[in-house]
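Observations on the three-dimensional arrangement
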Amino acid sequence: MRSNLLKKNSITLVLYLCLGLAAVITIFPFIWMFFSTLKTEAEILKVPLQLFPTQFLLDNYAYVWKSLGIFPRYMFNSAFVTLSVVVLNVFFDSLAAFSFAKLKFKGKNFLFAFFMAALLVPAQVMYIELFRLMQAFHWTNTYMGLIIPGATSAFGIFLVWQYMKSIPDDFLEAARIEGASDFQVYWRVSLPLSVPALASLAIFQFINTWNDFLWPLIVTDTTEMRTLTVGIALMQSNNVTSWSWLMTGAFISVVPVLIFYIFAQRYFISGLTAGGIKG
Amino acid sequence: MNRVKSFLTEIWKGRTAYLFISVPLVITCLFFFYPFVRTFFVSFTQYDGSTMTWVGIQNYTDLFADKVFVTSFTNTISFTIESLVLGVGVAMTFALMINQVKKGKGFFRGALFLPVVTNMVAVSFLWRLIYQRTGLINGLVRLLGGEPISFLASPTNSMPAVVVTSVWQGFGYSLVLLLAGLESIPVEYYEAAMLDGANFFQRFWYVTLPQLRFTFLFISITGVSGAMMVFTQIYNMTAGGPSNATRTLMYDLFQRFIHLDLGVADAIGILLFVFLLGFSILNLKLSNRAD
């Protein structure tokens, strides 16, 4: 009995040790990144390694923010594009989802299948032709080109549709009897009841747009229009090889997401894995 | 005449719904299906952005005779297999562990998921620093008395190094899905297996794995399509090198795009699409037969 208990306790201890090590491996590199932003170049490349900088210098931030590219502009571009994509998706995807879940109309199944077919094509395979189309629209290197192709998504429609179809029709009928129009039923009844699905969609789009790299790389071509990810990626081709500046740029791009993540971790996890977990 | 009229009445009745779906419909047609169809069409032409000549399937036959493309293709396949096997293995190991502990579940789940929310450009730079001769890993190697290892500059080590970075960034995603799957397996199944005298490994093999088959199906479909599209870490860590050792299909496509070899680049896009569609259909068929 006693040895059984001992065995159980030591298994638990080993489990915690393994999990603790795993957590160190996922978190520590970001701590390393943070301290690198406070170091001089010589300190970063020093052997043996040192975690803490000898002096806490903010020079790297000052330099990257003021002199390299135009960081405040990258920050604004990323924030503006991300916010627009999130708002447009939440509104238009949920409006379409409401139609598919709660309205009767001819060709409904066909149109729904049409949207779902879009889920079978990875968007990247046709980015070249999308770029050619943006050229024809004179939308290259503009916010339109960064935002509009991603303003709605088949995935978003699917996600909200799944949720809205479980809302009992009685709720909607009650509003209709009081004379509400279809839009009012959507806006006043269906939307407030779908907040969890909308939150998932918003987080999903936030992370994917903020972190997106290939499309903003293709569709923008001047420093003024770059987003953060593209801006820091191009730091090195602009002959910035200093690790302290690269880490500072990288850290600036990661921090806003990390702050949100720390406060709303549960919502991030459920938002990003929505679609993969049933129910 | 009457049928046309009743058809039009039906359409008129649905006008609000059509209005509600109009914006996503226009955007999907214009910015998704149109470029896709055009990609398919242009892949049969030679096109530099101004003059277009029909060449039939020549782009495709040329591609398979092109050493750089074939290398990109095999690199992409090995990246996909390695990152998926390693990623699912690591995710499953830690999902099982987290499922066993009572305290701190949320913390470990959150900590292991953390890299998933961070952008791949920053992660690529971070790992380039870690892989340096004077970086974290070689610091550990020195501590253990070894010689510093060359990672990204070595043709043999660069691909495994990129795989490790990708798995580090992405395994938390599969972990969360697997953990949710594990938590939804009814305890009674394990109790019944224990009554039948099943040991730990038998319970894992006969209860846990079969119960997770839909999770595995989902992870393999999304994982393969994500891995086949690998681009950002290649662009930012190795630029396809050294000597094309990490050049992948999307990187090859991008290079041909900036050199205005648009017909061939589109052909690569179509091949990727066909491959992924075939894989998804095969996977769904196999899982249907298994049921």
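Predicted model, so just to flag it, every value in this text is computed and none were measured.

**What about the interface of chain A and chain B?**
Counting residues at the interface gives 86 residues for chain A and 83 residues for chain B. Here chain A packs against chain B, burying approximately 7900 Å² in sum over the two surfaces, 80% of which is carbon and sulfur. Looking only at chain A, the three residues that lose the most surface to chain B are Leu-19, Ile-128 and Glu-129 of chain A, adding up to 9% of its buried area. Summed over the shared surface of chain A and chain B, the result is one salt bridge. A salt bridge links Glu-129 of chain A to Arg-38 of chain B; the nearest nitrogen and oxygen atoms lie 2.8 Å apart. At the junction of chain A with chain B, the criterion picks out 10 residue pairs in polar contact (both at pLDDT 80 or more). Ranked by the residues each element gives to the side of chain A that touches chain B, the list is headed by helix 1 (residues 2-37) of chain A, at 16 residues. Partitioned by chemical class, the residues of the side of chain A that touches chain B number 67 nonpolar, 14 polar and five charged.

**Overview of the confidence of the model for chain B**
Residue and element names in this part refer to chain B. Averaged over all residues, the pLDDT of chain B is 92; the fraction at 70 or higher stands at 99%. Per-element confidence in chain B ranges from a low mean pLDDT of 84 for helix 1 (residues 2-13) to a high of 96 for helix 4 (residues 67-100). Scoring the predicted complex yields pTM 0.91 and, for the interface, ipTM 0.91.

**Thoughts on the nonpolar core**
Counting residues in each nonpolar core, the largest one holds 180 residues, and the members touching the most others are Phe-100 of chain A together with Leu-112, Leu-175 and Phe-231 of chain B. In terms of residue count, helix 8 (residues 158-183) of chain B provides more of this core than any other element does, 13 residues in total. When residues of this core are assigned to domains, at least three fall in each of domain 1 (2-57) and domain 2 (61-265) of chain A. Here Phe-231 of chain B is in contact with Phe-213, Leu-214 and Leu-217 of chain A together with Met-250, Tyr-251 and Phe-254 of chain B, once residues within four sequence places are set aside.

**Points about the domain arrangement of chain A**
Residues and elements named next belong to chain A. One can read the domain layout of chain A as domain 1 (2-57) and domain 2 (61-265). On a C-alpha basis, the centres of domain 1 and domain 2 stand 34 Å from each other. Listed by partner, the interface residues are 10 residues for domain 1 and 10 residues for domain 2. Interface area lost by domain 1 to domain 2 is led by Met-33, Thr-37 and Glu-41, which between them contribute 58%. At the boundary of domain 1 with domain 2, the tally comes to zero salt bridges. Counting every contact that joins domain 1 to domain 2 gives four residue pairs in polar contact (both at pLDDT 80 or more). Examining the composition of the side of domain 1 that touches domain 2, we find that five residues originate from one element, helix 1, more than from any other.

**Topic: the pattern of salt bridges**
All names here are of chain B. Counting across every chain of the model gives eight salt bridges over all chains. With its nearest N and O atoms 2.8 Å apart, the salt bridge here joins Asp-252 to Arg-247. When its relative accessible area of 0% is taken as the criterion, Asp-252 is described as buried. One connected set of salt bridges, linked through shared partners, spans Asp-66, Arg-247, Asp-252 and Arg-256.

**Digging into helix 13 (residues 249-258) of chain B**
All names here are of chain B. Most of helix 13 is tucked away, with nine of its 10 residues classed as buried. Taken together, the buried positions of helix 13 are occupied by Leu-249, Met-250, Tyr-251, Asp-252, Leu-253, Phe-254, Gln-255, Arg-256 and Phe-257. Just downstream of helix 13 lies Leu-260, where phi reads positive at about 55 degrees.

**Focus: the side chain of Thr-26 of chain A**
Topologically, Thr-26 of chain A is positioned in helix 1. The exposure class of Thr-26 of chain A is buried, given its relative accessible area of 1%. When sequence neighbours within four positions are dropped, the list of residues in contact with Thr-26 of chain A reads Ala-111, Leu-112, Leu-114, Pro-115, Trp-168 and Phe-171 of chain B.

**Description of the packing of helix 6 (residues 120-131) of chain B against helix 8 of chain B**
Residues and elements named next belong to chain B. Orientation of helix 6 relative to helix 8, taken along the N-to-C sense of each, is 130 degrees, at an axis distance of 11 Å. With respect to their mutual orientation, helix 6 and helix 8 come out oblique. The two elements helix 6 and helix 8 cross, and the hand of that crossing is right-handed. Contacts between helix 6 and helix 8 involve Met-120, Val-123, Leu-126, Trp-127 and Tyr-131 on the former and, on the latter, Ala-161, Val-164, Thr-165, Ser-166, Trp-168 and Gln-169. Counted by class, the contact of helix 6 with helix 8 contains eight nonpolar, three polar and no charged residues.

**Observations regarding the packing of aromatic side chains**
Taken as a whole, this structure holds 61 aromatic pairs over all chains when the rule is applied. Ring geometry for Phe-35 of chain A and Phe-52 of chain A: centres 4.9 Å apart, planes at 75 degrees, overall edge-to-face. Here Phe-35 of chain A, found in helix 1, pairs with Phe-52 of chain A, found in the loop between helix 2 (41-44) and helix 3 (59-66); they are 17 residues apart in sequence, far enough to count as distant. Measuring from centroid to centroid gives 6.3 Å for Phe-254 of chain B and Phe-257 of chain B, while their planes differ by 55 degrees, and the two rings are tilted. Taken together, the residues span about one helical turn, with Phe-254 of chain B and Phe-257 of chain B both in helix 13 at a distance of three residues. No difference in accessibility class separates Phe-254 of chain B from Phe-257 of chain B, as the two residues are buried.

**A few points about the packing of helix 4 (residues 71-102) of chain A against helix 2 (residues 15-42) of chain B**
Interaxial distance between helix 4 of chain A and helix 2 of chain B falls to 8 Å at its minimum, and their mutual angle equals 140 degrees. Overall, the two elements helix 4 of chain A and helix 2 of chain B adopt an arrangement that is oblique. In the crossing of helix 4 of chain A with helix 2 of chain B, the sense of the turn from one axis to the other is left-handed. Contact residues: helix 4 of chain A offers Phe-92, Leu-95, Ala-96, Phe-98, Ser-99 and Phe-100 of chain A, while helix 2 of chain B offers Ala-17, Phe-20, Ile-21, Val-23 and Pro-24 of chain B. Taken together, the residues of the contact of helix 4 of chain A with helix 2 of chain B sort by class into 10 nonpolar, one polar and no charged.

What counts, and where the lines are drawn
Residues numbered from 1 in each chain as written. Chains lettered and ligands numbered in written order. Predicted model: local features only at pLDDT ≥ 70, side-chain atom pairs only at ≥ 80, totals over all residues. Heavy atoms only, no water. Contact = heavy atoms within 4.5 Å. Buried area = accessible area lost by both parts, 1.4 Å probe. Salt bridge = Lys/Arg side-chain N within 4 Å of Asp/Glu carboxyl O. Polar contact = N/O pair within 3.5 Å; in protein donor to acceptor, adjacent residues only side chain to side chain. Helix = DSSP H or I, 4+ residues; strand = E, 2+ residues; numbered from the N terminus. Nonpolar A, V, L, I, M, F, W, Y, C, P; charged D, E, K, R; others polar. pLDDT = per-residue confidence, 0-100. Core = buried A, V, L, I, M, F, W, Y, C linked by side-chain atoms within 4.5 Å. Buried < 20%, exposed > 50% of the residue type's maximum accessible area, 1.4 Å probe, protein only. Domains from an automatic or database assignment. Axes fitted to C-alpha atoms, helices over the stretch in contact; angles between N-to-C directions. Parallel < 35°, antiparallel > 145°, perpendicular 65-115°, else oblique. Left-handed = near helix turned anticlockwise from the far one by under 90°. Phe/Tyr/Trp six-rings, centres within 6.5 Å; stacked < 30°, edge-to-face > 60°.

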